Amino acid sequence: MIPTTQRQSSTVSLAEIEDTSALVGRRFAVDGKPLGREEAALSGSFSMIRLRPGIVVHTSDATELHDITTRVEQQPGLTIHIFLEGTADARLGGVPLELGRPSGRAVEGVITARAEPDLFERRAHEGDHVRKVNVTVTREWLADSAFVTAEEYRIVSDFAATHHARFAWTPPASVVSIAEQMLRPPPTSRLTRNLYLESRALDLVSEAFAALTLQTEGDRLSRLKPFDRRRLRLIEDFLAEHAHEVASLDELARVGGVSVSTLRRLFQAAYGTTVFEHLRRVGLERARLALEREGVPVSEAAFLAGYASPANFATAFKRRFGLTPTDVRRH
């Protein structure tokens, strides 16, 4: 049975915070105002759940009741932070994490990495209100996850292996909506609610990793020579106009005015992958948007992604996003 600690109530005791901290770390400690274990530390809702081995979801919509500092030795892994409201005075190994959404600012997503156990410290200030969603994954979970390309896996795993690595991005409205849904799961049974949270958590992880990968690829593009970027743009424009046609390497090379070997070099330099792997990823992204926004049938989504077999499309889709095409279309 997967260990789970969950609590949603009007107040949250210090004991609950300490007990749930064991899902992501050890050696919990608290400084500041002396509090009994059963004394309320938060007012509002608070939940921390291990959905399956290696993935923990923490949601909070609560107000601090005391000025206290909590500490826990967090284990290696990645944490995706989405703050919808409020800020956190938090440090990892003494380094400020700069988490939160100051008044008047857009929602910011942050991924933080721990390559080794390190001390996480959070200073709570009485009266502060925070609405947030965190998803923490272990390096073992990451190693067992499937990515469409080896390069995507390399980007994320390299980030995870860099202690104190931090990546921030402005998430789209769809990610903000996912976080809001996770803060207010439907009032169903625990099993159904946990499955609901797991699907949303995997969506959030997928979006965060996609942003990280895209940023890394953007850095690659900026290093290309202007002439090479223009060649690549010609090829990309052609692909956009002929999205449903299968193009050969020779045809793409002619469009860009390059040899096939140069075409391969351009795609490797720009995207860190082969031409066909890049086209497959773009096709799957196109299919997902059509499923989510237009509710197209799975067979049509398979066609949009360039798959003749809906079964092969469904396999590749789940490997990419962690959900089946039917799951995405239904949600």
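First, a word on what this report is: a plain description of the structure on this page. Everything numeric here is computed off the predicted structure, so don't read it as measured data. Note that residues are indexed from 1 along each chain, following the sequence as it is written. Only residues with pLDDT of at least 70 are given local features in this predicted model, and only at 80 or more are side-chain atom pairs given and counted; all residues enter the totals for whole chains, interfaces and linings. Only hydrogens and water are set aside; all other atoms, that is, all heavy atoms of the structure, feed into the side-chain values.

1. With respect to the overall build of the chain
Within the chain one finds 12 helices and 12 strands. Every radius of gyration here is taken over C-alpha atoms, with the globule rule written as 2.2 Å times N^0.38, N being the number of residues. Taking 20 Å as the expected radius of gyration for a compact globule of 331 residues, we find that the chain reaches 22 Å, a close match to that expectation. Along the longest, intermediate and shortest principal axes, the C-alpha atoms of the chain span 75 × 40 × 40 Å. A 1.4 Å probe rolled over the protein chains alone gives each residue an accessible area, and that area as a share of the maximum for its type sets the label: buried under 20%, exposed over 50%, partly exposed in between. Within the chain, buried positions represent 49% of all 331 residues. Helix and strand definitions follow DSSP, with helices as H or I runs of at least four residues and strands as E runs of at least two, each counted in order from the N terminus.

2. Some points on the pattern of salt bridges
Where side chains of opposite charge bring their charged atoms close, a pairing between them can arise. A carboxyl oxygen of Asp or Glu within 4 Å of a side-chain nitrogen of Lys or Arg is what we treat as a salt bridge. Taken as a whole and assessed by the stated rule, the structure comprises 18 salt bridges. Of the charged contacts, one joins Arg-26 and Glu-73 as a salt bridge, the two residues approaching to 2.6 Å between their closest N and O atoms. Linking Arg-26 in strand 2 (residues 25-32) with Glu-73 in strand 5 (residues 68-74), this pair joins segments that are 47 residues apart in sequence. A salt bridge links Glu-180 to Arg-131; the nearest nitrogen and oxygen atoms lie 2.7 Å apart. Of this pair, Glu-180 sits in helix 4 (residues 173-183) while Arg-131 sits in strand 11 (residues 129-137), and the two are 49 residues apart along the sequence. Here Arg-131 falls in the buried class, since its relative accessible area comes to 10%.

3. Quick look at the packing of helix 8 (residues 260-271) against helix 9 (residues 275-294)
Axes here refer to lines fitted to C-alpha atoms; in helices the fit is confined to the stretch in contact. Angles between the N-to-C directions go from 0 to 180 degrees. At a minimum axis distance of 9 Å, the contact between helix 8 and helix 9 shows a crossing angle of 55°. When the axis of helix 8 is compared with that of helix 9, the two are oblique. Listed contacts from helix 9 to Leu-263, Phe-267 and Tyr-271 of helix 8 are Val-275, His-278 and Arg-281. Ten residues, namely Ala, Val, Leu, Ile, Met, Phe, Trp, Tyr, Cys and Pro, are considered nonpolar, four, namely Asp, Glu, Lys and Arg, are considered charged, and the remaining ones, Gly among them, are considered polar. Here the residues of the contact of helix 8 with helix 9 sort into four nonpolar, one polar and one charged. When describing relative orientation, an angle under 35 degrees is termed roughly parallel and one over 145 degrees roughly antiparallel, while 65 to 115 degrees is termed roughly perpendicular and anything else oblique. In this description, contact between two residues means that some pair of their heavy atoms is separated by no more than 4.5 Å.

4. A closer look at the nonpolar core
Note on terminology: a nonpolar core comprises buried Ala, Val, Leu, Ile, Met, Phe, Trp, Tyr and Cys residues joined through side-chain atoms within 4.5 Å. In terms of nonpolar packing, the biggest core is built from 37 residues, with Leu-78, Ile-111 and Met-182 touching the most fellow members. Examining the composition of this core, we find that nine residues originate from one element, helix 5 (residues 190-223), more than from any other. In terms of nonpolar packing, the next biggest core, distinct from the first, is built from 16 residues, Leu-232, Phe-267, Tyr-271 and Val-275 among them.

5. Considerations on the layout of surface pockets
Where empty space is left can be seen by rolling a probe of water-molecule size over the atoms. In this analysis the probe radius is 1.4 Å and the grid spacing 1 Å, with only protein atoms considered; a cavity is a set of points the probe fits into but cannot get out of, a pocket is an open set with protein on both sides within 12 Å along at least five of seven lines, and lining residues have an atom within 4 Å of a point. Grid points are joined across faces, edges and corners, and a volume is the space filled by probe spheres set on the points. By volume, the second largest pocket is sized at about 560 Å³. Lining the second largest pocket are 21 residues; nearest its centre among them are Ala-243, Glu-245, Leu-279, Arg-280 and Ala-305. Elements represented by at least two residues in the lining of the second largest pocket include exactly helix 6 (226-241), helix 9 and helix 10 (298-305). Among the elements that take part in the lining of the second largest pocket, helix 9 stands out by supplying seven residues, more than any other. For the lining of the second largest pocket, the residue count by class is 12 nonpolar, five polar and four charged.

6. Thoughts on helix 1 (residues 14-21)
Taking burial as the measure, the eight residues of helix 1 include six buried ones, the bulk of the element. Buried within helix 1 we find Leu-14, Ala-15, Glu-16, Ile-17, Thr-20 and Ser-21.

7. A few points about the packing of helix 7 (residues 249-256) against helix 8
A pair of packed helices is characterised by two quantities: the angle between their axes and the separation of those axes. At their nearest, the axes of helix 7 and helix 8 sit 9 Å apart, and the two run at 85° to each other. Here helix 7 is positioned roughly perpendicular relative to helix 8, judged by the angle of their axes. Of helix 8, the residues touching helix 7 (which contributes Leu-249, Asp-250, Leu-252 and Ala-253) are Val-260, Leu-263 and Arg-264. Of the residues in the contact of helix 7 with helix 8, the class split is five nonpolar, no polar and two charged.

8. Things to note about empty space enclosed by the protein
Throughout the structure, instances matching the rule amount to two cavities of 30 Å³ or more. As a volume, the largest cavity reaches approximately 640 Å³. Surrounding the largest cavity, 38 residues form its lining, Met-48, His-58, Phe-120, Arg-122 and Lys-132 being those nearest its centre. Going through the elements one at a time, helix 1, strand 3 (40-52), strand 4 (55-64), strand 5, strand 6 (77-92), strand 9 (108-114), strand 10 (118-124) and strand 11 are the ones with two or more residues in the lining of the largest cavity.

9. Thoughts on helix 8
Taking 1.5 Å per residue, 12 residues should reach 16 Å; helix 8 reaches 16 Å between its end C-alpha atoms and fits that length. Listing the buried residues of helix 8 in full gives Thr-262, Leu-263, Leu-266, Phe-267, Ala-270 and Tyr-271. What you see down the axis of helix 8 is that its buried residues fit within an arc of 135°, all on one side. How far a helix is expected to stretch is found by multiplying one less than its residue total by 1.5 Å. Picture the helix axis, draw a direction to every C-beta atom, and the arc is the one those directions span.

10. Looking at unusual backbone geometry
Despite not being glycine, Arg-27 shows a phi value in the positive range, around 60°. Note on placement: Arg-27 falls in strand 2. Among the residues examined, Arg-27 registers a relative accessible area of 61% and is labelled exposed. Despite not being glycine, Glu-98 has its phi angle at roughly 55°, a positive value. With respect to the helices and strands, Glu-98 occurs in the loop between strand 7 (95-96) and strand 8 (99-101).

11. Topic: the side chain of Arg-122
Within the secondary structure layout, Arg-122 lies in strand 10. A residue is classified by how much of its surface remains accessible, and Arg-122, at 15% relative accessible area, is buried. For Arg-122, the side chain forms a polar contact with the side chain of Glu-64, separated by 2.7 Å. Once residues within four sequence positions are removed from consideration, Arg-122 is found in contact with Glu-64, Ile-68, Thr-69, Thr-70, Ala-88, Asp-89, Ala-90, Val-130 and Lys-132. For this analysis, a polar contact is any N or O atom pair within 3.5 Å, provided that within protein one partner can donate a hydrogen and the other can accept it, and provided that sequence-adjacent residues contribute only side-chain to side-chain pairs.

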